[in-house]
Amino acid sequence: QVQLVETGGGLVQTGGSLRLSCTASGGVFRINSMGWFRQAPGKERELVALETYEGSTAYGDSAKGRFTVSRDNAKNQVFLQMNALRPEDTAVYYCNVQYTDFSQYWGQGTQVTVSA
């Protein structure tokens, strides 16, 4: 049973920083990509950032230049460092893990709120 545990959400002022963490456990296959998506009220879930096992990264347009994704493959962890936060970054952030058998899993979500 795959389990994803997310930590690090919260309330921050505009221009502040937050660091999200996600730890995956219980998988049988090797993890391919790990990353973060977000969903704001009334909007579709969108990519924030992800990193493959080999170290390739992909960022959503809103995250480029402000957010940094990183991984610890040995510990099955992924991190999201978010800087220069804006009110429009307010959303529930979800950890996403994709395994080499093409299965994927989602975390329970962590709320990030940026006050003006």
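About the criteria used
Residues numbered from 1 in each chain as written. Predicted model: local features only at pLDDT ≥ 70, side-chain atom pairs only at ≥ 80, totals over all residues. Heavy atoms only, no water. Salt bridge = Lys/Arg side-chain N within 4 Å of Asp/Glu carboxyl O. Helix = DSSP H or I, 4+ residues; strand = E, 2+ residues; numbered from the N terminus. Buried < 20%, exposed > 50% of the residue type's maximum accessible area, 1.4 Å probe, protein only. Contact = heavy atoms within 4.5 Å. Disulfide = S-S within 2.5 Å. Pairing = 2+ DSSP bridges. Axes fitted to C-alpha atoms, helices over the stretch in contact; angles between N-to-C directions. Phe/Tyr/Trp six-rings, centres within 6.5 Å; stacked < 30°, edge-to-face > 60°. Lys NZ or Arg CZ within 6 Å of the ring centre and 35° of its normal.

Peer 1: Just to check I follow, could you spell out the pattern of salt bridges for this structure?
Peer 2: Opposite charge on two side chains allows them to pair when their charged atoms are near. Tallying each qualifying case throughout the model produces 5 salt bridges. One salt bridge connects Arg30 with Glu54, and the closest N-O pair in it is separated by 3.7 Å. In this pair, Arg30 sits in the loop between strand S3 (18-25) and strand S4 (31-39) while Glu54 sits in the loop between strand S5 (46-52) and strand S6 (57-59), placing the two residues 24 residues apart along the sequence. Judged by its relative accessible area of 58%, Glu54 is exposed. Through salt bridges with shared partners, a single network forms among Arg38, Glu46, Arg66 and Asp89.

Peer 1: Which parts of the structure should I look at to understand the side chain of Ser21?
Peer 2: For Ser21, the location among the structural elements is in strand S3. The buried category is assigned to Ser21, whose relative accessible area is 18%. Ignoring sequence-local partners within four residues, the contact set of Ser21 consists of Val5, Glu6, Thr7, Trp36, Val78 and Phe79.

Peer 1: Explain the state of the cysteines here, please?
Peer 2: Covalently bonding the sulfur atom of one cysteine to the sulfur atom of another cysteine gives a disulfide. For the coordinates displayed, the defined rule picks out 1 disulfide. Paired through a disulfide, Cys22 and Cys95 show a sulfur-sulfur distance of 2.1 Å. Here the disulfide of Cys22 and Cys95 is left-handed, its torsion about the S-S bond being about -80°. Of this pair, Cys22 sits in strand S3 while Cys95 sits in strand S9 (residues 91-99), and the two are 73 residues apart along the sequence. The buried category is assigned to Cys22, whose relative accessible area is 0%. Given the relative accessible area of 0%, Cys95 is considered buried.

Peer 1: Can you walk me through the sheet that holds strand S8 (residues 77-82) in this structure?
Peer 2: Backbone hydrogen bonds are what pair the strands of a sheet, in a parallel or an antiparallel way. In space, the 4 strands of this open sheet follow the order S1-S3-S8-S7, with antiparallel pairing throughout. Unpaired on one side and paired on the other, strand S1 (3-7) and strand S7 (67-72) mark the two borders of the sheet. Going from strand to strand, the sheet's axes swing by 15° on average, the running direction of each strand aside. By the bridge criterion, 6 bridges tie S7 to S8 in an arrangement that is antiparallel. The residue bridging Phe67 from the neighbouring strand is Met82, located in S8.

Peer 1: Help me understand the packing of aromatic side chains, please; the structure alone is not making it clear to me.
Peer 2: For any pair of aromatic rings, geometry is given as the distance between the ring centres together with the angle between the planes. For the structure shown, the criterion picks out 2 aromatic pairs. A ring pair is formed by Phe37 and Trp106, whose centres lie 5.1 Å apart and whose planes are at 70°; its orientation type is edge-to-face. With Phe37 in strand S4 and Trp106 in strand S10 (residues 104-106), the pair connects residues that are 69 residues apart, well separated along the chain. Ring geometry for Tyr99 and Tyr105: centres 5.7 Å apart, planes at 85°, overall edge-to-face. Overall, Tyr99 belongs to the buried group, its relative accessible area being 6%. The exposure class of Tyr105 is partly exposed, given its relative accessible area of 33%. Above the face of the Trp106 ring, Arg45 is positioned so that its terminal group lies 4.5 Å from the ring centre.

Shape descriptors only; they carry no functional weight alone.
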